[in-house]
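Understanding the architecture of this molecule
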Amino acid sequence: MTKVLVVDDDFMVAKLHARYVSTVEGFSVVGVAHNGADAVRAARELRPDLVLLDIFLPDMDGIDVLRELRAAGLGMDALFITAARDAGTVRSALRAGALHYLIKPFNQAALREQLLHVASLRARLDGLEEARQEDVDQIFGARPPGSRELPKGLAAHTADLVEGILHAHPEGLSATECAEAGSLSRVSARRYLEYFAETGRAEVTLKYGGTGRPERRYRSSGRGR
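Figured I'd write up the structure that's included with this text. (Residues numbered from 1 in each chain as written. Predicted model: local features only at pLDDT ≥ 70, side-chain atom pairs only at ≥ 80, totals over all residues. Heavy atoms only, no water.)

**Observations concerning the overall build of the protein chain**
Helices and strands together make up the secondary structure of the protein chain, namely nine helices and eight strands. Taking the principal axes of its C-alpha atoms as reference, the protein chain extends roughly 60 × 35 × 30 Å. Here the protein chain, with 225 residues, has 45% of them falling under the buried criterion. For the protein chain, the computed accessible surface area is about 11800 Å², with 50% contributed by carbon and sulfur atoms. For the protein chain, the centre of its 30 positive side-chain charges and the centre of its 31 negative side-chain charges are spaced 5 Å apart. (Helix = DSSP H or I, 4+ residues; strand = E, 2+ residues; numbered from the N terminus. Buried < 20%, exposed > 50% of the residue type's maximum accessible area, 1.4 Å probe, protein only. Areas by Shrake-Rupley, 256 points an atom, 1.4 Å probe, with all protein chains shown as cover. Lys, Arg positive; Asp, Glu negative; His and termini not counted. Charge placed at Lys NZ, Arg CZ, Asp CG, Glu CD.)

**Considering the environment of A93**
Along the polypeptide, A93 turns up in helix α4 (residues 87–96). On the basis of relative accessible area, A93 is assigned to the buried category, the value being 1%. Between the C-alpha atom of A93 and that of R67, which follows or precedes it by 26 residues, the distance is 9.4 Å. Ignoring anything within four residues of it in the chain, the contact list for A93 reads I63, F80, A98 and Y101. (Contact = heavy atoms within 4.5 Å.)

**Here we look at a nonpolar patch on the surface**
On the surface, V204, L206 and Y208 cluster together into a nonpolar patch covering about 310 Å² of accessible area. Tracing the chain through its elements places V204 in strand β7 (residues 202–207). (Patch = residues over 30% accessible without salt bridge, like charges linked within 9 Å, V, L, I, M, F, W, Y side chains within 5 Å. Salt bridge = Lys/Arg side-chain N within 4 Å of Asp/Glu carboxyl O.)

**Details of the nonpolar core**
Counting residues in hydrophobic clusters, the biggest one holds 38 residues, and the most contacted among them are F27, L50, L52 and L111. Of all the secondary structure elements, the ones that give two or more residues to this core are β1 (2–7), α1 (11–22), β3 (50–53), β4 (77–82), α5 (108–126), α7 (156–168), α8 (175–182) and α9 (186–198). If near-sequence neighbours (up to four positions away) are discounted, L50 is found in contact with T2, K3, V4, L5, F27, M76, D77, A78, L79, L115 and V118. In this structure, A43, I55, A78 and A98 belong to the second largest nonpolar core, which totals 25 residues. (Core = buried A, V, L, I, M, F, W, Y, C linked by side-chain atoms within 4.5 Å.)

**Re the layout of surface pockets**
Empty space within the second largest pocket amounts to approximately 240 Å³. If you list the elements that add at least two residues to the lining of the second largest pocket, you get α5 and α7. Residue contributions to the lining of the second largest pocket peak at four residues, all from α5. Tallied by class, residues from the lining of the second largest pocket come to five nonpolar, three polar and three charged. (1 Å grid on protein atoms, 1.4 Å probe; cavity = no way out; pocket = protein on both sides within 12 Å on 5 of 7 lines; lining within 4 Å. Points joined across faces, edges and corners; volume = space filled by probe spheres on them. Nonpolar A, V, L, I, M, F, W, Y, C, P; charged D, E, K, R; others polar.)

In structure tokens, the structure reads:
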């Protein structure tokens, strides 16, 4: 379970973000803060795995909050959720150690995709004893765009979403379950799962029930792109 601290000065926005997080399997909200000082205090006490952090806070900006957390030796990941669009702020967030940066307004699906990406990274790192360069490239995003590698008709962002779902379900799941988790059609989910199986990034098992064809179930093989 990934523990999340939500930080936003707007009480209703913070409540909305917390509700979004709570709908994603494998994530739980352990606290909410509405200013920088409370965010630092909550992070020290609750030790979340991930902080959803706004830039515009009443007492200090979110980047300074993240820097203070880093200076205190707190190793949680940070995902900025903010209306700040200027390149300088994005650059500062990156240099402070942000995992990603999500610009308001956004929909629930966009946040869900980022959370599943976080789950994918955490699962990948937890499963590594020694990293290969291709593992590091994938974790840091230093790889060619997925659209160059994918067959025609498959999109890189959807492939990343499905891959995140696979890593979040190490016990395996069906195409129908994958579709529900990612708000995709069953046909679309199965196309990506079958592609992962063909390229060795997923393993397939057959689950036999009563009558009819056996159900195909997929789980991550631990191999990245």
